Every structure is written in C-alpha cells, then in structure tokens.
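# Breakdown of the fold
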Amino acid sequence: MTEQPRLGARPGTNGDPSLDAPGQALEGRKRAAPTARPTIALALGGGGARGLAHILMLEVFDELGIRPKVIAGTSIGALFGAAYASGLSARLIRAHVEEALSQRFDIARQLLSARSAPVLKILNFLPLRSALLKPELLLEFMLPSSVARDFAQLKIPLKVVATDYYGQEQTILTEGGLRTAVAASIALPALFTPVTVNGRMLMDGGLTNPLPFDILHGEGDITVAIDVSGAPVMPGKRPHPSAFAMLMASSQIMQRTIVRQKLKVQQPDIYIDVEVDAYYALDFHRFKQIMADAAPAKQQLRRQLERVLTTETLETLPAAAVPALAAQPPSPGLRRKRRLPSLKRLSPLRRTE
C-alpha cells in the first residue's frame, strides 16, 4: 500500500507537534484521520515513436507512489498502458524498450526508420496486396514476456482503443486477448496488417480517438491525459518537406485536429502536451533524443500531480485537524476543473495562423 503524504508543520509551530497554533498547547491531540487520495484515470495517446515519452510520464506515477485507477490507451499508448497495467514498473519498461531498440531490434529498426530508403522502395515498387508487417511481431519486440496475455490478468483496468475499418468508428476493447487488442490499436494502415477481432477488422486507434480521455469520464476523481500527437515542424533550410515527411506528417495533422476538437468539448483535469514535434511516427531509433526532449513534460506532470493531490488530500481531512490551513483561502483553480491554455498558445510550433 502506498504511504500517504504527510502534512507539513503548521505555521507558528516551528515543527513542534505539541503546538496547535502560535503559543497554544495542544491538549490530548488525537491522531489525524487517515487521508484518502483522489483516484486518477490516465489516458495515454497515440503518436508512434513519439509515444516513447509515455515511459517518462509513467515514471512520475512510480516516483510519487501513485497507481492509476484505470488506464485508456491508443496505439503506442495502449502498448505501454498494457505493460504498466500488467504491474510492470516504468523503470523495467524503460530498460526493456531501450535494450530492444538498441540490440534486438536492429533489423526492424532499420526498416522502420523514418529516413530509411527501403520503406519508400517497398511502398513504391512492390505490388503488395497487404501491409508490410504484422503488428504482433512488433509487440514481441517491444513488450516484456511478463506482460499479461489476457485483460483478466491485469492489475489495473485497461481500455484499448482501435478503429473499426468497416464500421468507421472507434472500438473500445476491455476483455479477451490483450496482445491481440494492442496489436489492433497499433495497426497503422499500409504499414501493419489489420487485426480481426470478433469478426471486425480493426486498425490504428489514432484514426478515430488519438487521445482517449473522453472514454474515462466518471472513472476517476482526476483525469490525466498525455498528448504525444505532435505537429509538423517548420523545415530548416529546405523550403518544402520531402514527400515522405508529408506522408508521416499527414497522420500528425489528422490526430492533432481530432484532439483539438475534443478539447473544445471536454477537457481533462491535467493535460500534458509533450513537445516531441520533431519526430516522425517511425523514429524509434531516436529513443534517447525523444526521451531527452520529453523530460520537461515529465517535470510538468510531476508539478501538476503534486499540486492537485496535495490540495485534494488536505480537503479530505476534518476541518478541526487542520485549523490553520483551513483558515487560508484555497489557491484558485485547484479544486475547479483545470482550465487549459488557449489552443493557439499550446506551442509556437503548433500555431496555425
């Protein structure tokens, strides 16, 4: 069980527990009632290799001793969500992924490199009737063997988002074979073959719901959404992006548009927009750079979780237990739904004007 956070010394006590207020002795002080942390529903968005940043976000939960009540994941978010919901620590997930991408994934890494010529050659010149790879093969590389095989074996409830090709709508998978569900969620069209589940042809969940915080409504006291959809960056010396860059960026544009529209209707309590715009969906070989660029977002998540959890925890205590704190006006915005910045202020690189 996670140790509950302790309240600091009240103003005027100088850390002496025998003093309730400046100059006042605390007679027969009783142990404060145990505090209850608010529950957290966590949404991990899709974004291909940009989603490697999710590992850092999961590290924050481990470091703070927080366990999400439920997780929803799309594409790469479903992959890491499945690992974490299986009970694996973020540290173990990171070590496995780093080892897989640096040693065991050499051939696939070359194939999936966003700058790799073989990808373009295969797509342009071979008369393929199906996609290049089976998503199940990627899972064998990316997921540790200890990840659950079935939803029923998970330590944390998980919702996996995929897209029904013929139904033209999102599908939420919550039972049955876990790896089959995740394979469907990461099945990027043209690159991975679709996955058939219960007679439905399923593919990449990012096509319909790249950041599934909305399917967690009412599932927890606080909803946290990690957005790694990214946005195309301005080219350097080249006036126009390459054809392959445009192909990769088209997915970013679509997902970003969906996320923007969703945020206009409903907002999570904590929204982290990870700055990983410079990376393509297939840039898995740039693991270290992605993790470095995502580090500020990790600190942002830590600060917001600490702030919200501290406020929520204090407010669950009896008023008599914290008289000095109760007398202070609450910080604005901590109990209310967090107001997100204007979409135009998300990032200078994301402005459309």
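These notes cover the structure that comes with them.

Scoring rules and cut-offs
Residues numbered from 1 in each chain as written. Predicted model: local features only at pLDDT ≥ 70, side-chain atom pairs only at ≥ 80, totals over all residues. Heavy atoms only, no water. Phe/Tyr/Trp six-rings, centres within 6.5 Å; stacked < 30°, edge-to-face > 60°. Lys NZ or Arg CZ within 6 Å of the ring centre and 35° of its normal. Helix = DSSP H or I, 4+ residues; strand = E, 2+ residues; numbered from the N terminus. Contact = heavy atoms within 4.5 Å. Buried < 20%, exposed > 50% of the residue type's maximum accessible area, 1.4 Å probe, protein only. Pairing = 2+ DSSP bridges. Polar contact = N/O pair within 3.5 Å; in protein donor to acceptor, adjacent residues only side chain to side chain. Axes fitted to C-alpha atoms, helices over the stretch in contact; angles between N-to-C directions. Parallel < 35°, antiparallel > 145°, perpendicular 65-115°, else oblique. Left-handed = near helix turned anticlockwise from the far one by under 90°. Nonpolar A, V, L, I, M, F, W, Y, C, P; charged D, E, K, R; others polar.

### Digging into the packing of aromatic side chains
All told, the structure shown has one aromatic pair when counted by the stated rule. When the ring centre of F213 is taken as reference, the NZ or CZ atom of K262 above it lies at 4.6 Å.

### Quick notes on the side chain of K298
Relative to the helices and strands, K298 is located in helix 9 (residues 287-314). If we skip the residues at most four places from it in the chain, K298 touches L56, M57, E59, V60 and E63.

### Structural notes on helix 1 (residues 54-64)
Since the α-helix packs 3.6 residues into each turn, any two residues three or four apart lie on the same face. Here helix 1 lies mainly inside the structure; nine of its 11 residues are buried. Residues of helix 1 that are buried include every one of H54, I55, L56, M57, L58, E59, V60, F61 and L64, and no others. Directly beyond the C-terminal end of helix 1, a positive phi value near 70 degrees is found at G65.

### As for the pairing of strand 9 (residues 222-227)
On a regular strand, one side chain projects to one face of the sheet and the next to the other, so that they alternate. With respect to burial, strand 9 is a largely interior element, six of its six residues being buried. Burial along strand 9 is two-sided: I222, V224 and I226 facing one way and T223, A225 and D227 facing the other are all buried. Of the strand pairs in this sheet, strand 3 (residues 40-44) and strand 9 are connected by five bridges, and their pairing is parallel. Across the sheet, the residue bridging to A41 is T223, located in strand 9.

### Quick word on the side chain of N209
Positionally, N209 belongs in the loop between strand 8 (200-203) and strand 9. Taking relative accessible area as the criterion, N209 reaches 2% and is therefore assigned buried. A distance of 2.4 Å separates the side chain of N209 from the side chain of K262, its partner in a polar contact. Not counting the four nearest positions on each side in its chain, N209 is found in contact with T74, V161, Q170, D214, I215 and K262.

### So, the packing of helix 6 (residues 135-142) against helix 7 (residues 178-185)
The geometry of helix 6 relative to helix 7 is characterised by a closest axis approach of 9 Å and an angle of 115 degrees between their N-to-C directions. Taken together, the axes of helix 6 and helix 7 are roughly perpendicular relative to one another. The chirality of how helix 6 crosses helix 7 is right-handed. Counted together, P135, E136, L139 and E140 of helix 6 and R179, V182 and A183 of helix 7 form the full contact between these two elements. Residues that form the contact of helix 6 with helix 7 fall into these classes: four nonpolar, no polar and three charged.

### A short note on helix 2 (residues 76-85)
In terms of burial, helix 2 is a largely internal element, 10 of the 10 residues being buried. All of the buried residues along helix 2 are I76, G77, A78, L79, F80, G81, A82, A83, Y84 and A85. Directly after helix 2, the chain includes G87, whose backbone phi takes a positive value near 105 degrees.

### Observations regarding the environment of Y280
Structurally, Y280 can be placed in the loop between strand 10 (270-273) and helix 9. Owing to a relative accessible area of 23%, Y280 belongs among the partly exposed residues under this scheme.

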